[in-house]
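Structural overview for review
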There are 2 protein chains.
Amino acid sequence: MNFTEEEINAGNQDVIQIIQTSKVNLCDVEYAGEAIDFLKGFSLLHSGPPVQWRNMCSAMRSAVCGAAVYEGWAENLEEAQDMAERGCFSFGSNNEHSAVGPMAGIVSPSMPVMIFQNTTFGNKSFVTFNEGLGKALRFGANDDFVINRLKWIEKVLAPIIKEALNRSGPIDITSMMARGIQRGDECHNRNKSSTSLFIRKIAPWVVRTAGSREEIAEVLSFMDRNDHFFLNLSMGSSKATMDATIGIRASTIVNCMCANGYQFGIRVAGAGKEWFTGSSGYAKGHYFNGYNAGDANKVMGDSYISEAAGIGAFAMGSAPGGGRFIGIKPAETLQYSLKMYGITVAEHEAFKIPALDFRGTPLGIDIRNVFQTGVLPVINTGIAHKKSGIGQIGAGVVYPPMVCFNKAIREMGLNTSDGNSIAGNKNIILKENAK
Amino acid sequence: MNFTEEEINAGNQDVIQIIQTSKVNLCDVEYAGEAIDFLKGFSLLHSGPPVQWRNMCSAMRSAVCGAAVYEGWAENLEEAQDMAERGCFSFGSNNEHSAVGPMAGIVSPSMPVMIFQNTTFGNKSFVTFNEGLGKALRFGANDDFVINRLKWIEKVLAPIIKEALNRSGPIDITSMMARGIQRGDECHNRNKSSTSLFIRKIAPWVVRTAGSREEIAEVLSFMDRNDHFFLNLSMGSSKATMDATIGIRASTIVNCMCANGYQFGIRVAGAGKEWFTGSSGYAKGHYFNGYNAGDANKVMGDSYISEAAGIGAFAMGSAPGGGRFIGIKPAETLQYSLKMYGITVAEHEAFKIPALDFRGTPLGIDIRNVFQTGVLPVINTGIAHKKSGIGQIGAGVVYPPMVCFNKAIREMGLNTSDGNSIAGNKNIILKENAK
């Protein structure tokens, strides 16, 4: 690839135009095995760039074993682990199958997925329901409590939400995020107000379903108990939005960031479906009582697509109330948003920060800007325990490794191996692993 | 009355202690005629200090006539007006009967009221349900649409919420406000997140009531359609809190502010139930399309107790997203909160502003500070049309007249008529009507 600065800027404008005009609806609920072609037989999807069992971190391995028990493929976790070691399971990356999942992001065929549609461009995305806080499969917890809750989600929650959606019609998640961001959310690690908005919208329709009164009350309570319920909806919206930018010629905009606890990966709109990877790092953050940084798993999750889509840590200026949860002084959250304007090419027309007089969130990470300034995109993230079966132990801030951007710069032909300039940044020399 | 500075400061500390330790629950729903002794026969409660028909503004008169039709006392609005002119109705001030009401604040016997209890001090307060936006009795609208909605509130909403509360048990409104304020509300003219929290909490219990599925769905939709639904809950909480401070010896803290479109009134903890009044003024604010300042009614409403309780405009730093609604630049909302620390004696221990690193909201308006600094307490308010039957036309900011504070200063013996000093402010001379 070899593009002029004009071609690159035009490509980036196209990508921004796609993002700004995308409206994503939640349309339906189906079982993942029906919705996603890959999920036939003993196959599982996971978060981050593609990874096989031998390289999976322990939290992801735990989630894999939990999913195998949940599916009835194995009698217990030991048998599941044995099957995994023997190569019985096929693994795929969520992002390569129009899916995303928080943390370990394991999707197995019997899990219900919410189906999102980008109403402007037609493409769909698939996301499981958020299980709840603390001990959850996505953080590597996999005991009976976790498995039973997954079964309840499959048997009770999913059919009721599916019927409610069929009655209500598609729900506009993009505008719900916009309102949530005006109410103190950033829609990645702070989803309190957006969760509220979803409950308010769906509740009257849930009441009209065939579920029993007790089931309906429990569905409403389940959503109420989990202020991260909306995270998976926000991720579905970001995924359906950003996937519409895959392969836009010459664009240097990052349209996917994710990690699997082993590798961190980014994708760039103009480079199609290629992964640019580096090592997964550790988050710096706030730990729940009794835990510290030494307990942390390396970062993982597909939710980092949030920041690529202009929300999450990029919108933290809207969410000072969420600062402490991720180890940041509340009054300083605005600075995180402000810094990101330096590496982005636009401001979001729907997602706006009230405290900045409704300035749009920083949107469209240009790998040229990251490379040129050395400023990495900030991401906020949950932190899983590095040992199997424990779950979430904190939340914090993390940055992708610079090597991902360096590889993308090279792949896009924006420099030569002997240190020549990149388009649009004539005087910048590529330094591999620059900080 | 003649108190030393030490006595005053001790009294004020007592008042602050009462406010900080008050926890207010929503406990029950009853018809106002059963809950409030005053409401026998053709009697009505109204907002603000006591006022009779001859001095009522047109918006309040319209609400009175609407209530008379709603009650079946009159066949139509003309007959209602005729009855009012002939003195058929008895009027009382909400605040003198443990009640509060937004805007015109009319409470008639058949209207259901939510019953709040200050669990620390035992006293109760009574507030009607919020009717919705735009055309509503509280703004002086009184056509069939308004009356029919009041009937639906009486016949459908109230019994379902009452049964839900009986099943759920009392709901802690104080802590709900605290969470709302961390999610972009100030709980006076911005109640979006608090309304969400209430819906999330009550929804599973509403589902379990004897209401039909369709009624329950409509109850949930009714609350969802009105982001000010929580205003009346917040007012009930503030009233039950502030009433516990009535008559605390020597205290110079304002525990009630309100207006009726004719007079503005304040009460001071150490002066018992005495009113200190001045003329109602006009708000400066933002008008809905098609209206301007020339259409505005003078301010009215009991919701100004919010600011006395440390929320509303005093908490605007938490609610930049609500700035435009009241005609303030969002980025400047924080300044309004900061200025109020200058006339208050404490910071709220439950209501906190995330953008100030969770500093408590300014709490406890000391009339000595207002008098000394000339800084009046800021209040945000809805604006009604001055003509009958139209409803809300905007929202804005208003200040009580200084004369209220001057009268209170004199009544409390903090100065003499020949200009002597007030306790704690040795060098300050009272100037009547100082701006």
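Worth saying up front: this structure is predicted, and the values here are computed from it rather than measured.

After a rotation of 180° and a shift along the axis of 0.0 Å, chain B superposes on chain A with an RMSD of 0.0 Å. What we have between these two chains is a two-fold relation. A share of 100% of the interface residues of chain B reappears at the interface of chain A, consistent with the copies meeting face to face through the same patch.

This part is about the sheet that holds strand β11 (residues 300-301) of chain B. Residues and elements named next belong to chain B. One open sheet holds the four strands; their spatial order is β9-β8-β7-β11, and the pairing between them is antiparallel. Only two strands of the sheet have a single neighbouring strand rather than two, namely β9 (276-279) and β11. Strand direction decides the pairing type here: strand β7 (residues 254-260) and strand β8 (residues 263-268), joined by five bridges, are antiparallel. Directly across from C258, in β8, lies its bridge partner G265.

Okay, the pattern of salt bridges next. As enumerated under the stated definition, the model contains 36 salt bridges over all chains in all. The shortest N-O distance in the salt bridge between K192 of chain A and D227 of chain A comes to 3.8 Å. Of this pair, K192 of chain A sits in helix α7 (residues 192-207) while D227 of chain A sits in the loop between α8 (213-225) and α9 (231-242), and the two are 35 residues apart along the sequence. A salt bridge links R249 of chain B to E7 of chain B, with the shortest nitrogen-to-oxygen separation between them at 3.1 Å. Taken together, the residues R249 of chain B in the loop between α9 (231-242) and β7 and E7 of chain B in helix α1 (residues 5-21) connect sequence positions 242 residues apart. Overall, the relative accessible area of 52% leaves R249 of chain B in the exposed class. Accessibility expressed as a relative area gives 27% for E7 of chain B, which makes it partly exposed. What emerges from the salt-bridge pattern is a single network uniting R183 and R200 of chain A together with K192, D224 and D227 of chain B.

A separate point is the layout of surface pockets. As a volume, the largest pocket reaches approximately 350 Å³. As for the largest pocket, its lining consists of 27 residues, and the residues nearest its centre are P320 and A355 of chain A together with G317, P320 and A355 of chain B. Elements that contribute at least two residues to the lining of the largest pocket include exactly α11 (333-340) of chain A together with α11 (333-340) of chain B. Of the residues in the lining of the largest pocket, the class split is 14 nonpolar, 12 polar and one charged.

Counting residues at the interface gives 35 residues for chain B and 35 residues for chain A. Buried area between chain B and chain A, summed over both chains or domains, comes out near 3200 Å², and the portion from carbon and sulfur atoms is 49%. The three residues of chain B that bury the most area against chain A are R183, R200 and R213 of chain B, which together make up 25% of that side's buried surface. Scanning the region where chain B abuts chain A turns up 10 salt bridges. Taking the shortest distance from any N to any O, the salt bridge between R208 of chain B and E214 of chain A comes out at 2.7 Å. For the pair chain B and chain A, the interface holds 24 residue pairs in polar contact (both at pLDDT 80 or more). Mapped onto the side of chain B that touches chain A, the elements with two or more residues apiece are α7 (192-207) and α8 (213-225) of chain B. For the side of chain B that touches chain A, the leading source of residues is α7 of chain B, giving nine residues.

Quick notes on the rules
- Residues numbered from 1 in each chain as written.
- Chains lettered and ligands numbered in written order.
- Predicted model: local features only at pLDDT ≥ 70, side-chain atom pairs only at ≥ 80, totals over all residues.
- Heavy atoms only, no water.
- Least-squares fit on C-alpha atoms with pLDDT ≥ 70 in both.
- Contact = heavy atoms within 4.5 Å.
- Pairing = 2+ DSSP bridges.
- Helix = DSSP H or I, 4+ residues; strand = E, 2+ residues; numbered from the N terminus.
- Salt bridge = Lys/Arg side-chain N within 4 Å of Asp/Glu carboxyl O.
- Buried < 20%, exposed > 50% of the residue type's maximum accessible area, 1.4 Å probe, protein only.
- 1 Å grid on protein atoms, 1.4 Å probe; cavity = no way out; pocket = protein on both sides within 12 Å on 5 of 7 lines; lining within 4 Å.
- Points joined across faces, edges and corners; volume = space filled by probe spheres on them.
- Nonpolar A, V, L, I, M, F, W, Y, C, P; charged D, E, K, R; others polar.
- Buried area = accessible area lost by both parts, 1.4 Å probe.
- Polar contact = N/O pair within 3.5 Å; in protein donor to acceptor, adjacent residues only side chain to side chain.

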